[in-house]
Amino acid sequence: MLKLLQFVPKTCSPFSTRTLYAGAVDGGLLRHAFRTDDANKDDLPLLDDSISAATALWRKEELLSRLQNLLNCSQEQSEKLYKANKKALRMFAPRLLTDNIELLRANGIEDKFICDNPRVLSIQTDDLAKKLKLLREFPAVDDYKMLTPFLKASLKSIQRMVDVAMQETIPGGNRINYISERTGTEVRMVIKFFATNIRVYRITLDKFIANLDLCLDHLEPAHVVRHLSVLAYAPSSIRERLEALKNSPLEKIKPWMVRVPDIALGKSFEAVIEKGRQPVFKDSVTGTWFETYVLKRMESMLGCTEEVSREIYDKCKGSVHLVDNIEFLLEKGVLAEMIIKHAQMLISKREDLHQKVATLETLQCLRNLNDMVPLCVLKAYQLKKIVNNLNNEQLGPVNTNRIYYFADSTGFKPSEVTEQFARRTFMFRVPKDSFLANLKLFLEHMNREDILADLWAFKYSPGIVAERIARAKEVRGKKLMPWMVRCPDVVLEKSLQLTKESGALLGENETIVEYFCKRLGFDREVANSIFIKAPSVRNVRITKVKKVIDYLLDELDYTPNDIALNPRILMHSLQTTKKRMAQLKEIGCRPKSLIIVCKSQRQYDLFVKEWIDSKDRKKKVQQYG
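Residues numbered from 1 in each chain as written. Predicted model: local features only at pLDDT ≥ 70, side-chain atom pairs only at ≥ 80, totals over all residues. Heavy atoms only, no water.

Naming follows an unreviewed UniProt entry, where the protein appears as Transcription termination factor, mitochondrial of Anopheles epiroticus. The UniProt entry for the protein carries this comment under Sequence similarities (unreviewed entry): "Belongs to the mTERF family." (UniProt positions renumbered as here; feature names shortened; annotations may be inferred.)

Written out as structure tokens, the structure is:
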């Protein structure tokens, strides 16, 4: 309410119930009252003089006629003037336009400028007069009328520009003439673009000159004039962006590339890349390489396919250091296949990767950097600690450590061992004596592939390892696995018991294929075709296979051919199979194919429902038939 009283003119009594009510209802009391004084200054009537017509305009036909007479312009030009100042005519009388036209003419401004810049007429006459007065004071200008494009700027901006221009000393007398001389552009053209970038006068003279020198060293003068706003940026930012743009795929570097956001610039470069050019660009502000460039660059450096480069990029989540890190590793002699295989290390920051490689180079027994480079996936402090431990450990010959010792003992490549040790860093903390003793025991009784794939067994003492191996060897013979060393005692006993049962079932040298041939009465070719159709059957425990076969053949009277057609039944839970078969028997269904028993619970329930519905329909047909 207080704001209402402040804005209502004195001629309108705020305590007049009738007046306040009318204004509130029509929503235009304030605006109508605001312009009533101006309305008396012009003889043009409103379209509707009622108080409710607060948003009404002055009579258009009469106003257009007046503008045509004053400016001697065409109907189209007068329409343009009217539309451009339509908003102002809601607040002020038409005299504002006519007074401004007379004021501009009195100051020598041509009618053409008024027609080309019609919004100038919406400026209040007093402010327009002040702007013209300030422009007359602008130093080193032969004809102040050339400065008329600045009339569109705010009075405060023009005041600041004139004050700065009068105080500073610059070749040419002002910044406009200085740019004109440096770029070889007409003063009138410089003024045209300067008026839309008047904020350039807010920066210091030293920064203005430095930025202009920097831009003219890399950009065409005509482009600089058209994009003067770039001079308002920090010199360091301009320098970094221009430096990064040196090898851009675009034929010409333009100022807008310095000032636009990264996303907009990225889209421009990607559009160029699609046309076949090869970009070399990195954003100077964020340090981000454009994705398309990174993919193409990786293909070139690593000699890989587009799919592989995309896989590396996704695995590293588009790290900004991808290209730098690959270039660095290649310079250090790291093979491209090692980089591709261990792409995770490329996520590291450039400085961190440099530090990691430098740490690896301090390894006293290093034979080749490619042997140890998988360790770069670790943190820098972890790697430093590991290298220190390896250097302080005496193990066999001088040119070895536990990685090389493991590799030489098992016949693996050192890089393959390093990869697994990097995933199981406890291998560097296992006591040396335990490491050597356990490795010897494992090599005597296990396959080398199994040892490298399951390093957890090294965490146990050699005594426990020897005891577990001895127990397992009594039952399994040579088929020992590292998990037998580290599994709970109950699990080991259960496994050994099942092994005994399987051994008793298969005999000494019989295989599962031979068992199938004997149990189902097939020749070896048919048995092999069963395993080709369902390869996972090979992994099913033979005791379970026997129970399933016995149940199907002996209790349900299915034939070996039924099993051969649907070998998946051998992998299915015997408990579930029995449960489903009992349910099917209750509803009077004996499936011709065993495949329905192996379906998912949803599919099986749907089959049962359809069977029951079909059975009910048959009963109804028989009853009413």
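(A) Local environment of the overall build of the protein. Across its full length, the protein holds 36 helices and zero strands. Burial status across the protein gives 45% buried among its 625 residues. Counted over contacts in the protein with a minimum sequence separation of 6, partners at least 24 positions apart contribute 61%. Working note: accessible area of the protein is about 34,400 Å², and carbon and sulfur atoms make up 51% of it. (Helix = DSSP H or I, 4+ residues; strand = E, 2+ residues; numbered from the N terminus. Buried < 20%, exposed > 50% of the residue type's maximum accessible area, 1.4 Å probe, protein only. Contact = heavy atoms within 4.5 Å. Areas by Shrake-Rupley, 256 points an atom, 1.4 Å probe, with all protein chains shown as cover.)

(B) Up close: the nonpolar core. Residues Leu-104, Phe-150, Phe-194 and Phe-208 are the most contacted members of the largest nonpolar core, which totals 68 residues. The element contributing the most residues to this core is helix 12 (residues 205-218), with six residues. Not counting chain neighbours up to four residues away, the residues in contact with Phe-208 comprise Ile-170, Arg-175, Tyr-178, Ile-179, Val-200, Ile-203 and Leu-231. By size, the runner-up hydrophobic cluster in this structure holds 65 residues, among which are Val-334, Ala-343, Cys-376 and Phe-435. (Core = buried A, V, L, I, M, F, W, Y, C linked by side-chain atoms within 4.5 Å.)

(C) Layout of helix 9 (residues 155-167). Counted at 1.5 Å a residue, the expected span for helix 9 with its 13 residues is 18 Å, and the 19 Å between its end C-alpha atoms agrees. Buried positions along helix 9 lie against helix 8 (125-136). (Expected span 1.5 Å × (residues − 1).)

(D) Examining the packing of helix 4 (residues 60-71) against helix 5 (residues 75-84) more closely. For the pair helix 4 and helix 5, interaxial distance at closest approach is 9 Å and the crossing angle is 115°. Our pair here, helix 4 against helix 5, has a crossing hand that is right-handed. Taking contact as the criterion, the partners of Lys-60, Leu-63, Leu-64, Leu-67, Gln-68 and Leu-71 in helix 4 are, on helix 5, Gln-75, Ser-78, Glu-79, Leu-81 and Tyr-82. Of the residues that constitute the contact of helix 4 with helix 5, the class distribution is six nonpolar, three polar and two charged. (Axes fitted to C-alpha atoms, helices over the stretch in contact; angles between N-to-C directions. Left-handed = near helix turned anticlockwise from the far one by under 90°. Nonpolar A, V, L, I, M, F, W, Y, C, P; charged D, E, K, R; others polar.)

(E) Region of interest: a positive patch on the surface. On the surface, Lys-156, Arg-160, Arg-199 and Arg-202 cluster together into a patch of positive charge. Arg-199 sits in the partly exposed class, given a relative accessible area of 40%. (Patch = residues over 30% accessible without salt bridge, like charges linked within 9 Å, V, L, I, M, F, W, Y side chains within 5 Å. Salt bridge = Lys/Arg side-chain N within 4 Å of Asp/Glu carboxyl O. Lys, Arg positive; Asp, Glu negative; His and termini not counted. Charge placed at Lys NZ, Arg CZ, Asp CG, Glu CD.)

(F) The arrangement of helix 5 in detail. All of the buried residues in helix 5 are Ser-78, Leu-81 and Tyr-82. Across the axial projection of helix 5, the buried residues extend over an arc of 100°, all falling on one side. Along helix 5, the residues that are exposed and aim more than 90 degrees away from the buried face are Glu-76 and Lys-83. On its buried face, helix 5 is in contact with helix 4 and helix 7 (111-116). (Arc of directions from axis to C-beta.)

(G) Layout of the pattern of salt bridges. Throughout the structure, instances matching the rule amount to 16 salt bridges. In this structure, Arg-350 and Asp-324 form a salt bridge, with 3.1 Å as the shortest nitrogen-oxygen distance. Of this pair, Arg-350 sits in helix 21 (residues 350-361) while Asp-324 sits in helix 19 (residues 322-331), and the two are 26 residues apart along the sequence. For Asp-324, a relative accessible area of 13% puts it in the buried group.

(H) Highlighting unusual backbone geometry. Despite not being glycine, Ala-140 has its phi angle at roughly 60°, a positive value. With respect to the secondary-structure elements, Ala-140 resides in the loop between helix 8 and helix 9. In the Ramachandran plot, Asp-557 falls in the positive-phi region, its phi being about 60° despite a non-glycine side chain. Within the secondary structure, Asp-557 sits in the loop between helix 33 (542-555) and helix 34 (560-565).

(I) Representation of the packing of aromatic side chains within the structure. For the coordinates displayed, the defined rule picks out 11 aromatic pairs. Three or more aromatic residues joined by ring pairs make a cluster, and in this case those are Phe-406, Phe-421, Phe-428, Phe-435, Phe-442 and Phe-458. Between Arg-367 and the ring centre of Tyr-404, over which it is positioned, the NZ or CZ distance is 4.0 Å. A cation sits over an aromatic face here: Arg-448 above Phe-412, 4.3 Å from the ring centre. (Phe/Tyr/Trp six-rings, centres within 6.5 Å; stacked < 30°, edge-to-face > 60°. Lys NZ or Arg CZ within 6 Å of the ring centre and 35° of its normal.)

(J) Here's a closer look at the environment of His-342. Inspection of the secondary structure puts His-342 in the loop between helix 20 (336-341) and helix 21. As a C-alpha pair, His-342 and Glu-419 span 77 residues in sequence and 8.5 Å in three-dimensional space. Residue contacts for His-342: discarding those within four places in its chain leaves Pro-374 and Glu-419.

(K) Main features of the environment of Gly-303. Mapped onto the elements, Gly-303 comes out in the loop between helix 17 (291-302) and helix 18 (306-315). The exposed category is assigned to Gly-303, whose relative accessible area is 66%. Taking C-alpha positions, Gly-303 is 9.2 Å from Glu-337, a pair spaced 34 residues apart along the chain.

(L) Broad picture of the confidence of the model for the protein. Across the protein, pLDDT averages 77, with 79% of residues at or above 70. By mean pLDDT, helix 2 (residues 17-26) is the weakest element of the protein at 37, and helix 25 (residues 414-423) is the strongest at 91. Counting interchain partners and residues more than four positions distant, the pLDDT-below-50 stretch residues 1-42 has 41 contacts. Segment residues 48-56: pLDDT under 50, and 15 contacts once partners within four positions in sequence are set aside and those in other chains are kept. (pLDDT = per-residue confidence, 0-100.)

(M) Representation of the packing of helix 21 against helix 23 (residues 380-392). At a closest axis distance of 10 Å, the pairing of helix 21 and helix 23 adopts a crossing angle of 5°. The orientation of helix 21 relative to helix 23 falls into the category roughly parallel. Residues Gln-355, Lys-356, Thr-359 and Leu-360 of helix 21 touch helix 23, and the partners they reach there are Ala-380, Leu-383, Lys-384 and Val-387. Within the contact of helix 21 with helix 23, the residues separate by chemical class into four nonpolar, two polar and two charged. (Parallel < 35°, antiparallel > 145°, perpendicular 65-115°, else oblique.)

(N) Here's a closer look at the side chain of Asn-391. As for its placement among the helices and strands, Asn-391 is situated in helix 23. There is a polar contact of 3.0 Å between the side chain of Asn-391 and the backbone nitrogen of Gln-364. If near-sequence neighbours (up to four positions away) are discounted, Asn-391 is found in contact with Thr-362, Leu-363 and Gln-364. (Polar contact = N/O pair within 3.5 Å; in protein donor to acceptor, adjacent residues only side chain to side chain.)

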